[in-house]
Amino acid sequence: MKIRTEARRDAILQIAAEVFLEKGFERASMAEIAQKVGGSKATLYGYFPSKEALFLSVAEAEGQKQMEAAGAELMSSGPAGLAPALTRFAEALLRFLGAETTCACHRMVIAEAGRSDIGNLFYELGPKYGLDLIADVLAGAMARKELRQTEPFVAAQHFVALAISEIQFRLFLRVQEPLAEERIAACAERAVDAFLRAYAADLPRPGRPSAR
């Protein structure tokens, strides 16, 4: 009986990531990945039931590696630390989504989404997971009356949209130069400023007279 190990699984994910980035999802094959790993297709299927499952595991592993620490910090932010925590999370999100490997992954998902359920599966494992995390933090801020009361998940979507608005083109175009840290910091600061201006608890809403 063959024993599965985490080290072997991690090695498969690393090699699979290289093959997917080089060939794209459609042209990448389990046979080629198995050959590079140094095993058989049966070995791969012992860890991952399909090429789709392997690809999603690659994407999930990369996302967790990049965002786990930022997510934990965001979840632990208190009343005095909401703005700094959102800023640090936005910076981590920009580093992750602005990286060419992440952008290439997104382009592969978009290309395949019309032919299979990979788009839905990718959304549940990645973007929705992050949005749920942010929504929980924003719900806490709303309960503390730091932010105005509204639907937290919608607010989370607005936050992410603002955070990536200045680099969103990278998700669709092949851009070689990496994002400079100075630009990441500036983009994050502008996004958080715009978000907090829109969701501040004391901001007068349309149709409601401002307090005097």
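Residues numbered from 1 in each chain as written. Predicted model: local features only at pLDDT ≥ 70, side-chain atom pairs only at ≥ 80, totals over all residues. Heavy atoms only, no water.

A tally of regular secondary structure across the protein gives ten helices and zero strands. Its helices and strands in sequence order give the protein the pattern α-α-α-α-α-α-α-α-α-α, from N to C terminus. Counting the 212 residues in the protein, one finds 41% classified as buried. When contacts within the protein are restricted to residue pairs at least 6 apart in sequence, those whose partners lie at least 24 apart make up 67%. Per element, the accessible surface of the protein, about 11,900 Å² overall, is 56% carbon and sulfur. (Helix = DSSP H or I, 4+ residues; strand = E, 2+ residues; numbered from the N terminus. Buried < 20%, exposed > 50% of the residue type's maximum accessible area, 1.4 Å probe, protein only. Contact = heavy atoms within 4.5 Å. Areas by Shrake-Rupley, 256 points an atom, 1.4 Å probe, with all protein chains shown as cover.)

The subject of this paragraph is the packing of aromatic side chains. Taken as a whole and judged by the stated rule, the model has four aromatic pairs. For the ring pair Phe-159 and Phe-195, a centre distance of 5.4 Å and an interplane angle of 75° mean the geometry is edge-to-face. One end of the pair, Phe-159, is in helix 9 (residues 152-164); the other, Phe-195, is in helix 10 (residues 181-199), and 36 residues separate them in sequence. Of the two residues, Phe-159 and Phe-195, both sit in the buried class. An aromatic cluster of three or more residues is present, and its members are Phe-159, Phe-195 and Tyr-199. Between the NZ or CZ atom of Arg-148 and the centre of the ring of Tyr-199, over which it lies, the distance is 4.5 Å. (Phe/Tyr/Trp six-rings, centres within 6.5 Å; stacked < 30°, edge-to-face > 60°. Lys NZ or Arg CZ within 6 Å of the ring centre and 35° of its normal.)

What follows concerns the environment of Leu-94. Structurally, Leu-94 can be placed in helix 5 (residues 82-98). Here Leu-94 falls in the buried class, since its relative accessible area comes to 0%. The spacing of Leu-94 and Ser-165 is 71 residues in sequence and 9.9 Å in space, taken between C-alpha atoms. When neighbours within four sequence positions are excluded, Leu-94 is seen to be in contact with Ala-163, Ile-164, Ile-167, Leu-179, Ile-184, Cys-187 and Ala-188.

The subject of this paragraph is helix 9. Between its terminal C-alpha atoms helix 9 stretches 19 Å, which fits the 18 Å expected from 13 residues at 1.5 Å a residue. Along helix 9, the positions that sit buried rather than exposed are Pro-152, Phe-153, Ala-155, Ala-156, Phe-159, Val-160, Ala-163 and Ile-164. One side of helix 9 holds all its buried residues, which, seen down the axis, span an arc of 160°. Along its buried surface, helix 9 packs onto helix 5, helix 7 (118-125), helix 8 (127-143) and helix 10. (Expected span 1.5 Å × (residues − 1). Arc of directions from axis to C-beta.)

Over its 17 residues, helix 5 extends 23 Å from the first C-alpha to the last, a length consistent with the 24 Å expected when each residue adds 1.5 Å. The element helix 5 is largely enclosed, with a buried count of 13 among its 17 residues.

Further remarks concern the nonpolar core. Residues Leu-74, Leu-86, Ile-134, Leu-138, Leu-147, Phe-159 and Phe-195 are the most contacted members of the largest nonpolar core, which totals 35 residues. Put simply, the parts of the chain that give this core at least two residues each are helix 5, helix 8, helix 9 and helix 10. Here the element with the most residues in this core is helix 5; it accounts for nine residues. Filtering out sequence-adjacent residues up to four positions away, Leu-138 remains in contact with Leu-86, Leu-147, Pro-152, Ala-155, Ala-156 and Phe-195. One finds Ala-28, Ala-34, Leu-56 and Val-109 within the second-largest nonpolar core, a separate group that totals 25 residues. (Core = buried A, V, L, I, M, F, W, Y, C linked by side-chain atoms within 4.5 Å.)

We now examine the packing of helix 5 against helix 6 (residues 100-113). Where helix 5 contacts helix 6, the axes come no closer than 5 Å and their chain directions differ by 65°. With respect to helix 6, the axis of helix 5 lies roughly perpendicular. Judged by residue contacts, Phe-96, Leu-97 and Gly-98 of helix 5 engage Glu-100, Thr-102, Cys-103 and His-106 from helix 6. Its residues assigned to classes, the contact of helix 5 with helix 6 comprises three nonpolar, three polar and one charged. (Axes fitted to C-alpha atoms, helices over the stretch in contact; angles between N-to-C directions. Parallel < 35°, antiparallel > 145°, perpendicular 65-115°, else oblique. Nonpolar A, V, L, I, M, F, W, Y, C, P; charged D, E, K, R; others polar.)

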